[in-house]
Amino acid sequence: MNDRPLHTALLAAALALAATGAARAQDALTAPQVRAQLEAQGYTEVEDLEFEDGMWKAEATSANGKHVDVRLDPTSGTVYPAKAVPQLGEADIRAQLAAAGYSGVHDVKLDDGLWKAKGRTAEGSKVKVRLDPTTGEVVALEKD
């Protein structure tokens, strides 16, 4: 069996992901933009805003007056409340990562409203990824 087309497809997917990561670093939102994004969505009393694990995180008061921890996609500003109920399960996340060319995926868990996993890229680099709980899209990637 010739695995060359599969290897070529996986390499192309990995290169696209790497290019996306580079674009994300250049297009990342600034702290004032993140604060404005949260306030535009009804959050108040935004505190402890910091960039950590490839994402913005903060403590805030939601529109219904509850104190919440949130994370934000560094480029789109999508807000992920820490207590959100995911639409995907662990098996879905593992399948999504395998399809994107990751191997040796482990430590898959829901953390602060996002799926989190460790693994290796198609090139063999160890990485930590955070994934959208609804779509399974990688929203943050950092070397492990």
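Residues numbered from 1 in each chain as written. Predicted model: local features only at pLDDT ≥ 70, side-chain atom pairs only at ≥ 80, totals over all residues. Heavy atoms only, no water.

Draft legend 1. Representation of the nonpolar core in the model. Among the nonpolar cores identified, the biggest contains twelve residues, and these are Leu29, Val34, Leu38, Tyr43, Val46, Leu49, Trp56, Ala58, Ala60, Val70, Leu72 and Val79. Sorting elements by how many residues they give to this core places strand E2 (residues 55–61) first, with three residues. Those residues in contact with Ala58 that sit more than four places away from it in its chain are Leu38, Val46, Glu47, Asp48, Leu49, Val68, Asp69 and Val70. Formed by eleven residues, the second largest nonpolar core is a distinct cluster that contains Leu97, Val108, Trp115 and Val129. (Core = buried A, V, L, I, M, F, W, Y, C linked by side-chain atoms within 4.5 Å. Buried < 20%, exposed > 50% of the residue type's maximum accessible area, 1.4 Å probe, protein only. Helix = DSSP H or I, 4+ residues; strand = E, 2+ residues; numbered from the N terminus. Contact = heavy atoms within 4.5 Å.)

Draft legend 2. Quick look at the sheet that holds strand E3 (residues 67–72). On the basis of which strands lie adjacent, the open sheet formed by four strands has the order E1-E2-E3-E4 and antiparallel pairing. Looking at the sheet topology across the chains shown, the edges are occupied by strand E1 (44–52) and strand E4 (79–81). This sheet shows a mean twist of 25° between the axes of neighbouring strands, independent of strand direction. (Pairing = 2+ DSSP bridges. Axes fitted to C-alpha atoms, helices over the stretch in contact; angles between N-to-C directions.)

Draft legend 3. How the structure looks around the pairing of E2. For E2, a buried count of five out of seven residues is recorded, marking the element as mostly surrounded by other parts of the structure. Pairing geometry for E1 and E2, over five bridges, is antiparallel. Bridge assignment links Phe51 to a residue of E2, and that residue is Trp56. The turn linking E1 back onto E2 is made up of two residues, and Asp53 within it adopts a positive phi angle of 55°. Strand direction decides the pairing type here: E2 and E3, joined by six bridges, are antiparallel. Among the inter-strand pairings, Ala58 is bridged to a residue of E3, identified as Val70. Linking E2 back to E3 in an antiparallel pair, the connection comprises five residues, with Gly65 at a positive phi of about 85°.

Draft legend 4. Molecular detail of the environment of Val139. Within the secondary structure, Val139 is located in strand E8 (residues 138–143). Sequence separation of Val139 and Leu114 is 25 residues, and the distance between their C-alpha atoms is 9.2 Å.

Draft legend 5. A look at the pairing of E8. With five bridges joining them, strand E7 (residues 126–131) and E8 adopt antiparallel strand pairing. Each bridged residue has a counterpart across the sheet, and for Val129 the counterpart in E8 is Leu141. The hairpin formed by E7 and E8 contains six residues between the paired strands, and Gly136 there has a positive phi angle of roughly 80°.

Draft legend 6. Representation of unusual backbone geometry. Unlike most non-glycine residues, Glu45 shows phi in positive territory, near 45°. Since its relative accessible area comes to 57%, Glu45 is described here as exposed. Positioned with a positive phi, Asp112 is a non-glycine residue whose angle comes to about 55°. Secondary-structure assignment places Asp112 in the loop between strand E5 (103–111) and strand E6 (114–120).

Draft legend 7. Representation of the side chain of Asp132. Among the secondary structure elements, Asp132 is positioned in the loop between E7 and E8. In this structure Asp132 comes out as buried when scored by relative accessible area, which is 10%.

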